[in-house]
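Residue-level listing of the chains:
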Amino acid sequence: MGGGITLDHFLVLSLIIFGLGLFTVLTRRNAIGILMGIELILNSANINYLAFAFYGGGKYDGQIFAIFVIMLAAAEAVIGLAVVLAIYQNFKTIDVDATETLSG
Amino acid sequence: MDHPVSVSFVRLIILLPLIGAAINFLAGKWLQKNFGKMAISIVGCGVVILAFIIAVSGFFKMIALAPENRFMLDDLWTWFDVGGLNLHIAFWLDPLSMLMTLIVTGVGGLIHIYSIGYMHDDDGFWRFFGWLNLFTVMMLVLVLGDNMWLMFVGWEGVGLCSFALIGFWYKVLANSTAGNKAFIVNRVGDWAFVIALYSLYAALETVGHPTLVTREVAKYAPLLQGTTINFAGYHSAHQLVGFVTLLMFVGATAKSAQIPLYVWLPDAMAGPTPVSALIHAATMVTAGIYMVARLNFLFSMSPFTMAVIATVGGLTALFAATIGIAQNDIKKVLAYSTISQLGYMFAAVGVGAYAAGVFHLMTHAFFKACLFLGSGSVIHAMGGEQDMRKMGGLRHKMPITFITFLAATLAIAGVPPFAGFMSKDEIIWQAFAHGHTVVWAMLLMGAGITVFYMFRQVYMTFFGEFRGTHEQEHHLHESPPSMAYVLIVLGALSVVGGLVKIPEFIATFKPFEEFLEPVFSSPVTRQITEAGIHSHATEAAFGFITFTMVVIGWFIADMMYRQRRIDPARFSEMFGGVVYEWVLNKYYVDELYDRAVVQPYLLACRALAWFDSNIIDGVVNLSARITVVVSMISGLIDTYIVDGLVNFASNFTLDVGGRLRRLQTGSINGYLYGILAAVMLILLVRAVVRA
């Protein structure tokens, strides 16, 4: 099949995107930044799905899962942005450190 | 007897006194307050007199019938109908109950009238007449009831009224105790009577005729001939009729004061004197004799019971007479005399001379009522004094009382031609004629003693010098007319009342016996009656022996208490005074009963009370105490273990929660690091485990 690109390449790409996403999530203080990190993690997962589906057995189940994940990501973005808006309305900032008043 | 005449006047005889009782009990106090004692007197006496008038008219209706048809039935309604026993509230008027009704309403009416004067100063006037009326009702129910249960209702009813009237002056303890004694002793007899009725019913059921209607029992009683005792698996060779009649007689000994249950009657003198006259002389105590005479068809079937009755009667006649010798209380003498005379009646019915027994019942009602009322008149005049040793010479102050008392004394003594002679001589003769020589001897002795103690009483009370206080002497007076007239009537009856049955050796004139004949016409009774027929010459000879005894008794009394030629002390000091002591103390029978029955009973009661308050209460208290201790332990467990667990659970949760809350920092980055660490840890663990 295609020009020497193997499953491993996809997995490495996916791992890199996952690592970037995780780094973004852990280090950003901006709530929207965190959401963006999450999107990256989800997309790395999508790449894995498609890659395993393509190299695994040619079935469509991986692709269907990927579509579900995209749909979930959309929903998550909506809710996440709504939460962020709410936080902004309360705290006049979207810095997540400002929300530590929710501590136990 | 199979087709009694249906009438409706008998109910009135009972209803009238009942109305009187109702008025006196319900409205008596009010009437007495607003209209005076005269209103009570009119109601109380009026109803009884009216009842007497109806009874007399009934008597004339009865003698208009042919002798064999003289049975009247006043059937009111069904009393109960259960398990084959169908009893009616119905009143049965035959010659015997007719006679009793006349005595109860007649003599009873006279005593009611007498009570007006005697009880005049008593605040309980209305109560007294209420009880007297109720007593009359109950006595009439006893006499007229057509079945034995109705008879028993009356039997109990007179007992109740007797109790109330003996204890009429209940504020004195001795009086109410006497009432209790009468009631309790009667209970013993009633117990036997009830068992007799049950047994009789059970026996009649086995022969196919379950009934307690007296006339039907009379019809079917011959079927019981030869039946032996057989109750629920208990067999005995003894005759059932003997058993039943013996128990009935036990009932009669209590009601009619015979040995061994006579002890209540002397104490019953605690009641007002009219009560003694009405209940304990003329009517209630004759219930036993009436019952035996009424059920003669049963008693005649058992020669054994008859012998027992005759013996007990004879013994009582003699025994009570001897006690009467030494009594000093004017009413106590009469009380023992009553017991003695009732003994004569039982001896008569016991030997089979039913008519003679009933005849003596009637004459005794006349002269004993007269004696009691006479003694009441004396007590009234003496201001409540009853001791004859403090009386004497009263004949000048109280001529009417004296004359009537003397007439009645001559009657009870059996002096011809007074009423008592006709009846008592007949009984003594019949005892011999039926072959009961021992009973005859006892009755003969008793007759002599009777004369002695009666004349002793007359001499002590009415002759000699007055021995009371000066104040009492000043107070002496003849009783008011309502009392005096009654005494005159009863005195007259004591004189002529016996003329309805003259001894056959003098003249053949016996309408009394002929009148009662249909009642005593069952074959067994007739057989016994006819066994006692002897020649007139023999009868006359025995009449003479009796008369001799009377004369001797009189003579001794006259010598000792009127002429004073013999000092009574000479007799009382004989045998070191021991005999006199015994007689004076009534042979210590009361003490014997007290020791043998009352004290052990009280002892048992006290033992049970001790057991109750110590053992039973102890157990109860112990269980209570155990409950308290257990509850305390349970409370401790509840507080410290159950509550402890619950509190521990909540405290633990609070504690853990308090510690864990620190994990929730609110820092989103912190959480994310946590998640990352957890994922890595899981991966590590998985890697290690897989390896």
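Residues numbered from 1 in each chain as written. Chains lettered and ligands numbered in written order. Predicted model: local features only at pLDDT ≥ 70, side-chain atom pairs only at ≥ 80, totals over all residues.

Considerations on the overall build of chain B
At step 1: Scanning chain B from terminus to terminus reveals 27 helices and five strands.
At step 2: Rg of the C-alpha trace for chain B: 38 Å, well past the compact-globule value of 26 Å for 691 residues, more than 25% over.
At step 3: C-alpha atoms of chain B, sized along the principal axes, occupy 150 × 70 × 60 Å.
At step 4: Taken over 691 residues, chain B has a buried fraction of 49%.
At step 5: For chain B, restricting intrachain contacts to residue pairs at least 6 apart in sequence, the fraction spanning at least 24 positions comes to 80%. (Helix = DSSP H or I, 4+ residues; strand = E, 2+ residues; numbered from the N terminus. Rg over C-alpha atoms; globule rule 2.2 N^0.38 Å. Buried ≥ 20, exposed ≤ 12 C-beta atoms within 10 Å, placed from the backbone. Contact = placed C-beta atoms within 7 Å.)

Brief notes about the overall build of chain A
At step 1: The helix and strand tally for chain A stands at three helices and zero strands.
At step 2: Going residue by residue from the N terminus, the α and β elements of chain A occur as α-α-α.
At step 3: For 104 residues, the compact-globule estimate of 2.2 N^0.38 gives 13 Å, and the C-alpha radius of gyration of chain A, at 17 Å, exceeds that figure by more than 25%.
At step 4: Each principal axis of the C-alpha atoms in chain A carries an extent, and together these give about 55 × 25 × 25 Å.
At step 5: Counting over 104 residues, chain A shows a buried share of 13%.

What about the pairing of strand β3 (residues 85-93) of chain B?
Residues and elements named next belong to chain B.
At step 1: Relative to β3, strand β2 (residues 72-82) runs antiparallel, the two sharing nine bridges. Considered in β3, the bridge of aspartate 81 is made with asparagine 86.
At step 2: Taking the residues between adjacent antiparallel strands as the criterion, β2 and β3 are bridged by two residues, where glycine 83 takes a positive phi near 55°. (Pairing = 2+ DSSP bridges.)

Brief notes about the environment of Arg29(A)
Residue and element names in this part refer to chain A.
At step 1: Within the secondary structure, arginine 29 sits in the loop between α1 (7-27) and α2 (31-56).
At step 2: The exposure class of arginine 29 is partly exposed, given the 14 C-beta atoms found within 10 Å.
At step 3: Ignoring anything within four residues of it in the chain, the contact list for arginine 29 reads Asp95, Val96 and Asp97.

Notes on the domain arrangement of chain B
At step 1: With domains assigned, chain B is organised as domain 1 (1-146), domain 2 (370-584) and domain 3 (588-662).
At step 2: Taking only C-alpha atoms, the centre of domain 2 of chain B and the centre of domain 3 of chain B are 71 Å apart. (Domains from an automatic or database assignment.)

Some details on the sheet that holds strand β1 (residues 5-6) of chain B
At step 1: With mixed pairing, the three strands of this open sheet are ordered in space as β1-β2-β3 (chain B). Two strands in the sheet have a free side with no partner beyond their single neighbour: β1 and β3 of chain B.

Here we look at the nonpolar core
Residues and elements named next belong to chain B.
At step 1: Membership of the largest hydrophobic core comes to 217 residues, with the highest contact counts inside it found for Phe135, Ala347, Val358, Ala369, Leu373 and Leu443.
At step 2: Top element by residues in this core is helix α15 (residues 354-381). It accounts for 17 residues.
At step 3: Each of domain 1 (1-146) and domain 2 (370-584) contributes no fewer than three residues to this core. (Core = buried A, V, L, I, M, F, W, Y, C linked by C-beta atoms within 7 Å.)

What to know about the interface of chain B and chain A
At step 1: Residue-level contacts link eleven residues of chain B with ten residues of chain A.
At step 2: Taken together, the residues of the side of chain B that touches chain A break down into four nonpolar, five polar and two charged. (Nonpolar A, V, L, I, M, F, W, Y, C, P; charged D, E, K, R; others polar.)

Describing helix α17 (residues 419-433) of chain B
Since the α-helix advances by 3.6 residues per turn, residues separated by three or four positions end up pointing in the same direction.
All names here are of chain B.
At step 1: With 15 residues, α17 should reach 21 Å at 1.5 Å per residue; the first-to-last C-alpha distance of 21 Å fits that figure.
At step 2: Most of α17 sits inside the fold, with 15 of its 15 residues counted as buried.
At step 3: Downstream of α17 by a residue or two, glycine 435 has a phi angle that is positive, lying close to 85°. (Expected span 1.5 Å × (residues − 1).)

Looking at unusual backbone geometry
Residues and elements named next belong to chain B.
At step 1: Put simply, isoleucine 259 and proline 260 share a cis peptide bond, and its omega is 5°.
At step 2: With respect to the helices and strands, the residue proline 260 is situated in the loop between α8 (240-255) and α9 (264-267).
At step 3: Here alanine 257, not a glycine, exhibits a phi torsion of approximately 55°, which is positive.
At step 4: Structurally, the position occupied by alanine 257 is in the loop between α8 and α9.

Concerning α15(B)
Residue and element names in this part refer to chain B.
At step 1: For α15, spanning 28 residues, the distance from its first C-alpha to its last is 40 Å, which sits close to the expected 40 Å at 1.5 Å a residue.
At step 2: Its axis deflected by about 30° at histidine 364, α15 carries its strongest bend there.
At step 3: Looking one or two residues past α15, glycine 383 carries a phi angle of roughly 70°, positive in sign. (Bend = angle between axes of the 7 residues up to and from the residue.)

Let's talk about the confidence of the model for chain B
As a general rule, the predicted coordinates of low-pLDDT regions are not to be interpreted in detail.
At step 1: When pLDDT is averaged along chain B, the result is 87; 98% of the residues meet or exceed 70.
At step 2: Predicted complex, confidence summary: ipTM 0.77, pTM 0.76. (pLDDT = per-residue confidence, 0-100.)

Topic: the packing of helix α11 (residues 287-294) of chain B against helix α14 (residues 330-351) of chain B
Residues and elements named next belong to chain B.
At step 1: At a minimum axis separation of 10 Å, α11 and α14 run at an interaxial angle of 10°. One way to sum up the angle between α11 and α14 is to call them roughly parallel. Between α11, through Ile289, Val292 and Ala293, and α14, the contact on the second element is made entirely by Met345, Phe346 and Val349.
At step 2: Its residues assigned to classes, the contact of α11 with α14 comprises six nonpolar, no polar and no charged. (Axes fitted to C-alpha atoms, helices over the stretch in contact; angles between N-to-C directions. Parallel < 35°, antiparallel > 145°, perpendicular 65-115°, else oblique.)

Description of the pairing of β2(B)
The two faces of a sheet get side chains in turn, since along a regular strand they alternate between them.
At step 1: Note: β1(B) against β2(B), two bridges, orientation parallel. Paired with Ser6(B) across the strands is Leu73(B), a residue of β2(B).

Thoughts on the environment of Met301(B)
Residue and element names in this part refer to chain B.
At step 1: Secondary-structure assignment places methionine 301 in the loop between α12 (296-299) and α13 (303-326).
At step 2: Taking the number of C-beta atoms within 10 Å as the measure of exposure, methionine 301 has 24 and is therefore buried.
At step 3: A sequence separation of 59 residues divides methionine 301 from glycine 242, and the C-alpha atoms of the two residues are 7.7 Å apart.
At step 4: Setting aside residues no more than four positions away along its own chain, methionine 301 makes contact with Ala221, Gln225, Val241 and Val524.

A short note on the environment of Phe359(B)
Residues and elements named next belong to chain B.
At step 1: Along the chain, phenylalanine 359 falls in helix α15.
At step 2: By the C-beta count within 10 Å, which is 28 here, phenylalanine 359 ends up buried.
At step 3: In sequence terms phenylalanine 359 and glycine 498 are 139 residues apart; their C-alpha atoms lie 8.2 Å from each other.
At step 4: Beyond its immediate stretch of four places on either side in the chain, phenylalanine 359 contacts Ser423, Glu426, Lys501 and Phe512.

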